[in-house]
Amino acid sequence: MLAVSTAALSAPAAASATAAPAAEVWTEVGSDRADPLTESQGLTSVEVPANSPNRYTGIGTIPAELRLRGWNHVGDPDAHYDGHYIEPYQRDSGTTKMFRVQAPDGGWSEYEHTLSPGEALNNSWVAISPDGQWMLSGEYGTMSRLLVFPTPGVNPSTSPSADLPQAATVLLDRPVRDVQGCDFTGPTTLLCSSDDPEGALFGITKPLLQVDLSAAPSGTADVDGRVTALRQLPLRSACSGAFEVQGLDYDRRSGTLRVIVMSPGFCVLTDSMTYRFTRG
């Protein structure tokens, strides 16, 4: 995920959050090479139709006609259990971001959102709530919030011909930096991948984060979110230099978490990986 020139402004941090469940332990169980063109930004598991392959995003998956209209970056996608699939898009300037939606029948539609005051242009990821009605999205940079939208194409209040409004906010109890992907593991729990290169926020760089919400998103009120760093994500390569943590996916059918980590320098072509984790 490349930061655009627009400054990423932080919303006020939540004053408090409800008590969170104990932080989970995620153990690495394997890895698969990640292609730098087509698997370098995000991924999601797809339940409908049955036996569908996992889907990935990267610079090579952006349709030419979208690129011609300026949509030159795609983030970490998500798919709902009913078969809707959503990709987040951004461009280098302007006042909107876009969510591209594929319906279960295969048809595509586009939903644009006009930036709220202080909202960054970055459109790094989407995470659809388990009930399907609400979609969380995040901005790149140091942030104390996540954004809540009605899920385009699923929530009946949405239409491709109307602006997609921000419905609410998740107010985090501590800042997060450069979140590249999030996914729900339950109605009030998210896992998120952070590309934080500094380590000052949690004592480790490139952390896997857990966000426990005070309530399931409803779109009618803000909710609090308690953030916990669970572990550092794997940083292994034949090359030295800066790794880039990208999107993640949680597959509820197998309980498998997958996170993309792109390798430094030339090794981005040879040993970038999608790492697999399970609880415990």
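Placed above this text is the structure.
These figures come from a predicted structure and were not determined experimentally.

Some thoughts on the pattern of salt bridges
- Evaluated as defined, the whole model comprises 14 salt bridges.
- Connected through shared salt-bridge partners, E65, R69 and E110 make up one network.

A closer look at the nonpolar core
- Of all hydrophobic cores here, the largest spans 21 residues; its most connected members are L136, V170 and L190.
- Top contributing element to this core by residue count: strand β12 (residues 168-177), with 4 residues.
- If we ignore the near neighbours within four places in the chain, the residues touching V170 are L136, S144, R145, L146, V148, L213, V223, D224 and G225.
- Membership of the second largest hydrophobic core comes to 15 residues, among which are F243, V245, L248 and V261.

Side note on the packing of aromatic side chains
- For the structure shown, the criterion picks out 3 aromatic pairs.
- With a centroid separation of 6.1 Å and an interplanar angle of 85 degrees, the aromatic rings of W26 and Y250 are classed as edge-to-face. Of the two residues, W26 sits in strand β1 (residues 26-33) while Y250 sits in strand β17 (residues 244-251), which places them 224 residues apart along the sequence.
- Considering the side-chain rings of F99 and F149, the 5.6 Å spacing of their centres and the 55 degrees angle between planes classify their relative orientation as tilted. Taken together, the residues span a long stretch of sequence, with F99 in strand β7 (residues 96-102) and F149 in strand β11 (residues 142-150) at a distance of 50 residues. We note that F99, like F149, is buried.
- Across the ring face of W71, the terminal group of R91 is positioned such that the distance to the ring centre comes to 3.9 Å.

Definitions and cut-offs
Residues numbered from 1 in each chain as written. Predicted model: local features only at pLDDT ≥ 70, side-chain atom pairs only at ≥ 80, totals over all residues. Heavy atoms only, no water. Salt bridge = Lys/Arg side-chain N within 4 Å of Asp/Glu carboxyl O. Core = buried A, V, L, I, M, F, W, Y, C linked by side-chain atoms within 4.5 Å. Buried < 20%, exposed > 50% of the residue type's maximum accessible area, 1.4 Å probe, protein only. Helix = DSSP H or I, 4+ residues; strand = E, 2+ residues; numbered from the N terminus. Contact = heavy atoms within 4.5 Å. Phe/Tyr/Trp six-rings, centres within 6.5 Å; stacked < 30°, edge-to-face > 60°. Lys NZ or Arg CZ within 6 Å of the ring centre and 35° of its normal.

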